[in-house]
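# Structural features, examined
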Amino acid sequence: MPDETPLRWATPPAAIAALSAAGIALAVTAAVAVPDAAGRVLVGFAALLVLVTVALALRQRPRLEVLPGGAGIATMRLTGRREFPRAALHRVRIVEYPRFGRRVPMLEIDTIDPATGAENLMIFGRWDLGTDPRNVHAALSVRDLAPDQTPS
């Protein structure tokens, strides 16, 4: 029987802090160290993009969570928290996508709303979960939250 500690996965705080520092450094560089206007705009825009990424990562914490008692899962999106009961989980599997010359594991979760039949596909990577997606899949499998584990 799996333990009942809450399982949550999110972008690591250290990664968010490092990205915040990089965004602030870019903003300061744009303000004081770039002599030409075009360069200042480009570096300032890069700083803005980095800081927006930080805000999005902070907004979506925790990214994935097991509901109490293993009743299902919950995800945090930009629009808010969404819960999926065990009956809504159609397929939870690891799919390896090619990226930069190697295969990178991603956690795919397919859900089907029992009431409306609406389908939803969510894909989580290491950045989203803060750990290897295979570890998250294993934790979900132990709690019987990973139906239809057909390989990709």
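In the nomenclature of an unreviewed UniProt entry, the protein corresponds to PH domain-containing protein from the organism Rhodococcus rhodochrous J3.

### Re the sheet that holds strand 1 (residues 8-9)
Spatially, four strands are ordered 1-2-3-4 in an open sheet, and the strand pairing comes out antiparallel. Each edge of the sheet is formed by a strand with only one pairing partner; in this case those strands are strand 1 and strand 4 (80-85). Bridge count for strand 3 (residues 72-77) against strand 4 is six bridges, and the pairing is antiparallel. Residue pairing across strands places G72 opposite P85, the latter belonging to strand 4. Across the sheet, helix 4 (residues 133-142) touches strand 1, strand 2 (64-66) and strand 3, and the angle it forms with strand 2 is around 25°.

### Things to note about the nonpolar core
With 20 residues, the main nonpolar core has W9, L64, I73, L107, I109 and L140 as its most contacted residues. Of all elements in the fold, only strand 2, strand 5 (89-99), strand 6 (102-112), strand 7 (119-124) and helix 4 reach the threshold of two or more residues within this core. When residues no more than four places from it in sequence are discounted, the contact partners of L140 are L64, V66, I73, V92, L107, L145 and A146.

### Observations concerning the sheet that holds strand 6
Adjacent strands of a sheet pair through backbone hydrogen bonds, lying either parallel or antiparallel. Taken in spatial order, the three strands of this open sheet run 5-6-7, and their pairing is antiparallel. The open sheet terminates on both sides in strands that have one partner only, identified here as strand 5 and strand 7. When the angles between neighbouring strand axes are averaged without regard to direction, this sheet yields 25°. Where strand 6 lies against strand 7, six bridges are found, and the strand directions are antiparallel. Residue pairing across strands places E108 opposite I123, the latter belonging to strand 7.

### Notes on a nonpolar patch on the surface
Taken together, the side chains of F45, L48, L49, V52, L56 and L78 present a nonpolar region at the surface, about 540 Å² in accessible area. We classify L49 as partly exposed; its relative accessible area is 45%.

### Description of the pattern of salt bridges
Opposite charge on two side chains lets them pair, provided their charged atoms get close. Using the criterion set out here, one finds nine salt bridges in the structure. The partner of D132 in a salt bridge is R134, with the nearest N and O atoms 3.0 Å apart. A residue is classified by how much of its surface remains accessible, and R134, at 41% relative accessible area, is partly exposed. One continuous salt-bridge network, built from bridges that share partners, spans R8, E65, R81 and E83.

### Looking at the pairing of strand 7
Alternating residues of strand 7 divide into N120, M122 and F124, all buried, and E119, L121 and I123, none buried. Counting the residues between successive antiparallel strands, the hairpin from strand 6 to strand 7 contains six residues, one of them, G117, with a positive phi of roughly 80°.

Quick notes on the rules
Residues numbered from 1 in each chain as written. Predicted model: local features only at pLDDT ≥ 70, side-chain atom pairs only at ≥ 80, totals over all residues. Heavy atoms only, no water. Pairing = 2+ DSSP bridges. Helix = DSSP H or I, 4+ residues; strand = E, 2+ residues; numbered from the N terminus. Contact = heavy atoms within 4.5 Å. Axes fitted to C-alpha atoms, helices over the stretch in contact; angles between N-to-C directions. Core = buried A, V, L, I, M, F, W, Y, C linked by side-chain atoms within 4.5 Å. Buried < 20%, exposed > 50% of the residue type's maximum accessible area, 1.4 Å probe, protein only. Patch = residues over 30% accessible without salt bridge, like charges linked within 9 Å, V, L, I, M, F, W, Y side chains within 5 Å. Areas by Shrake-Rupley, 256 points an atom, 1.4 Å probe, with all protein chains shown as cover. Salt bridge = Lys/Arg side-chain N within 4 Å of Asp/Glu carboxyl O.

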